[in-house]
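Here are the chains, one letter per residue:
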Amino acid sequence: MSGAGPRRGGGADPSESSPEPPSPSSSRPPRSDSSPSPSEQTTPPPSGHAPYRQRGGASSRHAPSEAGLACDRHLALFEEELATRPRVPAMLRRIAQYSALSPDSDAPRRVLGTLLGVAVPALQTLLGVVLVLRLPWVVGAGGALQTGAIGVLLSACAVLTSVSLSAIATNGLDPGGCPLGLLSGALGPEAGGAVGLCAFLSAAFTAAAAALSAAEILLVYVAPGAAVLPGRGRSRRLNNGRGYGAVLLSLLGLGAAAGPAPTAAAALGPAGLLLALLGLQAGTLRAAIMGGPPHPLCLPAQPGGCLQPCPIALPQTVGSNSTQGAPRVAFPGPSTHLLARNLWPHPPEVRGGAAEGEEEDDDDDSSFGVLLGLSLPITSGVLWGCSRCGELRDIASSIPAGSLGAALATTLAYLSAALLLGASVEGQLLRDKFGASLRGTPVAGVASWPSPWVPLAGAVLSAAGAGLQALLGGSRLLRGLARTRALPLPHALGRGRLWPLAATVTVAELGVLLGSLDLLSPVLSVFWLTSYLGLNLACALQGLLPTPGWSPRCRLYHWAASLAGAGLCLALMLVACWYCGLLALGIGATAYKYLEYRGAQSEWGEGLRGLSLSAARFALLRLEDGRPPAASWRPQLLVLLKLDEELRATQPQVLALAAQLQAGKGLTVVGTVIPGELPRDQPRARAAEQALREALAGAGARGFVQVLVSPGRGPGLAALVQGCGLGALRPNAVLMGWPHGWRRRHDPAAARRFVELLRVAGSGARALLVAKGPLGTGAPGGTLDVWWVVGDGRLLTLLPLLLRQHPAWRGCCVRLFTVALLEDNSVRLRRLLEAVARRRGLPAQTHVVELHDSDVSAYTYERTLMMEQRSQMLRQMRQAQAPSTAGEEEEEEEERGLPRRGPSPGNVRRMHAAERLNEVLGRHSGGARLVLLDLPPPPPRGPRPLDNYLEFLEVLTEGLGPVLLVRGGDGDSPGP
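Numbering of residues starts from 1 in every chain and runs along the sequence as written. For a predicted model such as this one, the threshold for reporting local features is a pLDDT of at least 70, and the threshold for listing and counting side-chain atom pairs is 80 or more; totals across whole chains, interfaces and linings nevertheless cover every residue. Values reported for side chains reflect all heavy atoms of the structure, with hydrogen atoms and water molecules removed beforehand.

A. Quick look at the overall build of the protein chain. When helices and strands are counted, the protein chain shows 33 helices and 12 strands. The cut-offs for exposure are 20% and 50% of the maximum accessible area for each residue type, with area from a 1.4 Å probe on protein chains only; residues under the lower value are buried, those over the upper are exposed, and the others partly exposed. Each of the 976 residues in the protein chain was classed as buried or not, and the buried ones make up 55%. Throughout, a residue-residue contact means that at least one pair of heavy atoms, one from each residue, lies within 4.5 Å. Excluding contacts between residues fewer than 6 apart, the proportion of contacts in the protein chain whose partners are at least 24 apart in sequence is 82%. Note on areas: Shrake-Rupley with a 1.4 Å probe; residue coverage comes only from the protein chains shown. Total accessible area on the protein chain is roughly 40300 Å²; 60% of this is exposed by carbon and sulfur atoms. Helix and strand assignments follow DSSP, with helices taken as H or I runs no shorter than four residues and strands as E runs no shorter than two, numbered in order from the N terminus.

As C-alpha cells, then:
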C-alpha cells in the first residue's frame, strides 16, 4: 500500500497521471462493468507496479447522477442502489436546506426564543385576577399559613408537570407547529387526543372565567349601577354576571377573530400581573416607611359595616391586642403581630349592615377545598408554554427553561402577595370578599399605591390576556383534534381559524351560564388537572415501559417525578371538587378508549403502539387496517439459525444479540430448516423445536420457534422467511449470522446460497441484520459506532437505542459517523447530522469522515485478480458436481469479444471502495465494541459471480471487531 500513489514521471501514460478524459482515439461507448469493450480491457500492471487507474469512460453507466468520479471510487459497493437509497448528504437535503457552498445559506423558519415563545404564554393565566379579586379573602378566611400551603402544592403541581412537558419537548420529535402534535407525537394518538380534549375544555372555561372576572370588576367596582337584570341577592348577581359575561366573552371572541399580533396579545397577561403585584408591593412599602396613611380608617364595630375615620387620639399599640375595645386601624402597615393574627384560619363572622340583602345569602364556606378551587386557576399556563412550539428556534431548550421559569415565577408572585396581604391588612377586612365596607373598592386596591385603580387595571389586563390566550389556544387544539379525524367532529373545524374559534366561544358560553367566578373556578381547574394528569401519567408509563423512541434529554426528568405529578394532580382534583373531578376523569377516559377503539392513524406516530401488539384477536384485526408510521417502526425479529448434527446452534451469539435487542419485548421468532421429508423426519423436527426453545431460554429471550422440514435448505429458508408470522405479528427484520467458513467449505455453492437468502430475506420491505464476529464479548463500556453511508439510516440509529436498554450495553458511548466526499460541505453536514440525531433521540457524538480521492493501487489490482481466479475455480467445481443444473442455477459472468487478460474494471472499482472504507473504519472504529455498518446491496440477478460479493464484504470488515451489517427495509420512507 505504500506505493499506491500515482506516478507523475515522464514515461507514464497520460490516462494514469491525469484525471482528464481520454483522447477521442481511445474513447469508446460506455459498457457495463462485466462486459467491457476490447479497447477497455485491463492489462496487468507493468513490472514497476505502477498504480492501476480505470479509464474515465469505463463503468460509468450505472453511476448515479449525483455522484462523480469520487463517488464511483469510494462508494462503488453501493452504486446499484444510490438512485433509491441516496447518500447521507442527499438524504439530509430532503430534511433541511443543504448547501455545499454556504453553511448558513438557509434562513431560520423559527424566530421565537424562550421569553416570548414560552415564558410569556405560560404566564398568561388568571393569576392577576385571583390576586386582586379572591386572594385577600383566601388569606383572611384560610389564614396565611394555609394559603402558603396551597401555593406550595400548586407550585409542585406546576413544576412536576413542566418537567414532564420538558421531557416531551426534549424527546426529539418535530411537532409541526401544533401543540397537539407535540403531545401526540410522544405519547401516542390516544393519550395525546385525550389530553388535548381536556385541555380544550379547560381553555374554553378559562375564557369564560376571564369574561366573568371582567364582568365582576365592572358590576362591583367600576359601575355598580349597571346591574339592571332582575333578581334578589345572590341570584341577582349571578344573572347580571351571566348577561355581562356573555357580552364580554363575545367581545373577546371578536378580538381573537380580528387576529391581534401574537406578541402584543401575549404581553397583556404578564403586564397586568406585574402591574397588580407592583402596586401591592409599593403600597406595602409606603406603609412601612411612612407609618400608614395620614387619615387612617378603622374597622367597624360590627362586621359588614363601612369603615369610619379613626379617632384623633389612638393607642400606640393599634396593631396588638393590648387595648381591648379600642378601634383598630384597617391598614396599619406591615407588622409581625398582624401576620401572626392572620396566620390561622378564621371562622365566618356574623354579618350585619348589608345593603338590601346583598350579601346575606352568600356561600361563606371557607374549607380547604373551596380555597384550593379558587386558587387553582393560577396553574392554567403550563400547556400554554408549548402553544407556539412551531415558531420556536430551539424547542428542546426553550420549553424546559420557559415552562419551569414561568411556574416558579407564578409561585413567587402568589406567595409574596399572600404574605404582604397577611402582614398589612386586618383579617376582618380581608374577609370582605366584595369590598362592601370599602364602598365598592377592592381590598387589594386600598392596600396598593399610588391608586386603587392600579390593581383593577392589572386585573382587567390579566383577564383580557388570559381570555385571548385561551380562545386562540383552544381553537388551535380543536383544529388539531378535528384534523386527526379520530373524534366525531365536523370537518369544518379542521379548516381555517373562524370555525374552531366560534366553537370555542360556544363552549365557553356554557361556562358563563354558571354566572360566578366562584362556581366556575373548580370546574375549569379540574379539567386543567385532568389534562396534567394524563400528561404526567403517560410520561411515567413511557419511563416505566422504556420504549426506544422515548429518550428525553431533560436532566430533571424521571418517571418517578411524572408519577408523583400524576398523583398530586389526582389528589388536588378530588379535594377541590370531587364530583367535577370524576366527571372530568370520565370525559378523558372515554376519549382515550374511543380513540383506542377507532385506532386513529395520525402523522405524529404511536409511542404506545407496542401495547396493542400484545393484545389478542381484536388487536390483530385492528392493526390490519393500516401500516404503522415510520416513526413508530420497531424491528420484529426472525432469527435464522443453523443446527448441527446434534441439534445445537452453530452461532449462539446471534440468539444472544436478538435477546439484547428485544429485551423481552416485541416479536422474536427463531427459525431453522431441517433437510428431509415429512412424515419421516417429523420426530427430528420436534426435537429441533425443543432445542430451539432451550436455546431461547438460555439466551434470556422470550419468543416463538418455528422449524420447517424441506428437501432443500435454500427453498426451505425462502418459505420460512415469507410465511412466518400472523397479521401484524409478522417479522419485519431478519437476523442471521455470517458464513465464516465459506472460503474453506467443501460446498462451493455456499456463497451463492447465502446471497440468495439475502435476496429473499430483504424482499417485501424486510430489514436485514447480518452479525459478523464475536458479538457480546469484551468488558462493559466501550463504544457503539454507527456508520451511516446511504439510505435514511432510521434502523441504524434505532439499533443503538435498543441495545442500550440491555445492561450489557447500557454504559456504551454511541458515536455516529458518516462519509463526506470532496463535493460535500463537511461543516454543514455535521450540523445537520447532529440535528437528525437529536430528532431521533440518539445521544451520540457525531463525526464526518472525509474520503479524499486516491488512485487504485497495484495491491488492489492483484487482489481483484486473485479473487476472480478463485471465482472461476469455484464455477468449474460446481459445473463438475452438477453439470445438468449448472447452467440454470449459476449466475456467472459471460465474456463477450476478446478474452480479457485482467480483472473486470467494475470489480477493481468495488475492491478499491471496500479497501478505502475499511481503512477509515479501522482508523476510527478499530477498538469499538460493536460497529454498525450499512450492508451493501446483494448483486442483482445477472452476469456477475456471487462469490465476489462476499469477498468485498470480507475486505470491508477486515481487521475490525464485532460488526453488525444493517440494511433497512426497501419500504422505509426517508424522514427525520
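B. Structural context of empty space enclosed by the protein. Within this scheme a cavity is a closed region of a 1 Å grid, computed over the protein atoms alone, that accommodates a 1.4 Å probe without allowing it to escape, whereas a pocket is open but has protein on both sides within 12 Å along at least five of seven lines; lining residues each have an atom within 4 Å of a point. Grid points are joined across faces, edges and corners, and a volume is the space filled by probe spheres set on the points. Enumeration according to the criterion identifies 14 cavities of 30 Å³ or more in this entry. When its volume is computed, the second largest cavity comes out at roughly 130 Å³. Contributing to the lining of the second largest cavity are 16 residues, with Ala158, Ile378, Thr379, Ala407 and Thr410 lying nearest its centre. For the lining of the second largest cavity, the elements supplying multiple residues, two or more each, are helix H6 (135-169) and helix H14 (395-424). With six residues, the top contributor of residues to the lining of the second largest cavity is H14. Grouping the amino acids of the lining of the second largest cavity by side-chain chemistry returns eight nonpolar, eight polar and no charged. Charged residues are taken to be Asp, Glu, Lys and Arg, nonpolar residues to be Ala, Val, Leu, Ile, Met, Phe, Trp, Tyr, Cys and Pro, and polar residues to be all remaining types, Gly included.

C. Structural view of the state of the cysteines. Cysteine sulfur pairs qualify as disulfides if the two atoms are within 2.5 Å. One pass over the full model with this rule turns up zero disulfides. In this structure Cys157 is a free cysteine whose sulfur lies 3.6 Å from that of Cys569, the closest cysteine sulfur available.

D. Just a nonpolar patch on the surface, in detail. Note that patches include only residues with greater than 30% relative accessible area and no salt bridge, and the join distances are 9 Å for like charges and 5 Å for nonpolar side chains (Val, Leu, Ile, Met, Phe, Trp, Tyr). Salt bridges are defined as contacts in which a side-chain nitrogen from Lys or Arg sits within 4 Å of a carboxyl oxygen from Asp or Glu. Where nonpolar side chains cluster on the molecular surface, the patch consists of Leu537, Leu541, Leu544, Leu545, Trp559 and Leu563 and spans about 480 Å² of accessible area. Taken together, the elements giving at least two residues each to the nonpolar patch come down to helix H19 (517-544) and helix H20 (559-576). Ranked by the residues each element gives to the nonpolar patch, the list is headed by H19, at three residues.

E. Molecular detail of the confidence of the model for the protein chain. Per-residue confidence from the predictor is reported as pLDDT, a score between 0 and 100. Within the protein chain, residue pLDDT values average 75, and 72% of them lie at 70 or more. Note that residues 600-615 has pLDDT below 50 and, in this model, 42 contacts with residues that lie over four places away or in other chains. Under a pLDDT of 50 for its full length, residues 971-976 has, in the predicted model, 21 contacts with residues more than four places off or in other chains.

F. Examining the packing of aromatic side chains more closely. Between the rings of Phe, Tyr and Trp (Trp by its six-membered ring), a pair exists once the centres lie within 6.5 Å; its type follows the angle of the planes, with under 30 degrees stacked, over 60 edge-to-face, and the other angles tilted. Inspection of the entire model under this criterion finds five aromatic pairs. A centroid spacing of 5.7 Å and a plane angle of 55° characterise the contact between Phe205 and Phe527, whose relative ring orientation is tilted. Of this pair, Phe205 sits in helix H8 (residues 189-222) while Phe527 sits in helix H19; the two residues are 322 residues apart in sequence, bridging distant segments of the chain. According to the relative accessible area criterion, Phe205 is buried, its value standing at 12%. The exposure class assigned to Phe527 is buried, which follows from its relative accessible area of 5%. For a ring to carry a charge above it, either NZ of a lysine or CZ of an arginine must fall within 6 Å of the ring centroid while also lying within 35 degrees of the normal to the ring plane. Sitting over the ring of Trp137, Lys433 keeps its end group 4.2 Å from the ring centre. Sitting over the face of the ring of Trp809, Arg929 holds its NZ or CZ atom 4.3 Å from the ring centroid.

G. Layout of the sheet that holds strand S4 (residues 668-675). Strands sit in the order S5-S4-S3-S6-S7-S12-S11-S8-S9-S10 across an open sheet of 10 strands; the sheet is mixed. Each of the sheet's edge strands pairs with one partner strand only, and the pair in question is strand S5 (704-710) and strand S10 (844-850). Between one strand axis and the next, the sheet turns through 20° on average, direction left out of account. Here S4 runs beside S5; their pairing, made up of seven bridges, is parallel. Along S5, the bridge assignment pairs Val673 with Leu708. Here the axes come from fitting lines to C-alpha atoms, over the contacting stretch only for helices, and the angles between their N-to-C directions go from 0 to 180 degrees. Running over the sheet, helix H24 (residues 652-662) touches strand S3 (637-640), S4, strand S6 (733-737), strand S7 (767-772) and strand S12 (963-967) and is turned about 170° from S3. Lying on the sheet, helix H27 (residues 750-761) is in contact with S3, S6 and S7; it crosses S6 at an angle near 165°. Strand pairing follows a simple DSSP-based rule, namely that at least 2 bridges must link the two strands.

H. How the structure looks around the environment of Leu803. Tracing the chain through its elements places Leu803 in helix H28 (residues 794-803). On the basis of relative accessibility, which here comes to 0%, the residue Leu803 falls in the buried class.

I. Structural context of H20. The span one expects for a helix is its residue count, reduced by one, times 1.5 Å. The end-to-end C-alpha distance of H20, which contains 18 residues, comes to 26 Å, matching closely the 26 Å that a straight helix rising 1.5 Å per residue would cover. Turning to H20, its buried residues number three or more, namely Ala561, Ser562, Gly565, Ala566, Leu568, Cys569, Leu572, Met573 and Ala576. Down the axis, H20 shows its buried residues gathered within 165° of arc, on one side only. Note: the arc covers the axis-to-C-beta directions of the helix.

J. Quick look at the packing of H6 against H14. Put simply, H6 and H14 touch, their axes get as near as 9 Å, and they point 175° apart. With respect to their mutual orientation, H6 and H14 come out roughly antiparallel. Among the residues forming the contact of H6 with H14, the class breakdown is 22 nonpolar, nine polar and no charged. Our angle categories are set so that under 35 degrees counts as roughly parallel, over 145 as roughly antiparallel, 65 to 115 as roughly perpendicular, and the remainder as oblique.

K. Quick peek at the environment of Ala718. Here Ala718 lies in helix H26 (residues 713-723). Taking the C-alpha atoms as reference points, Ala718 and Arg759, 41 residues apart in sequence, are found 9.4 Å from one another.

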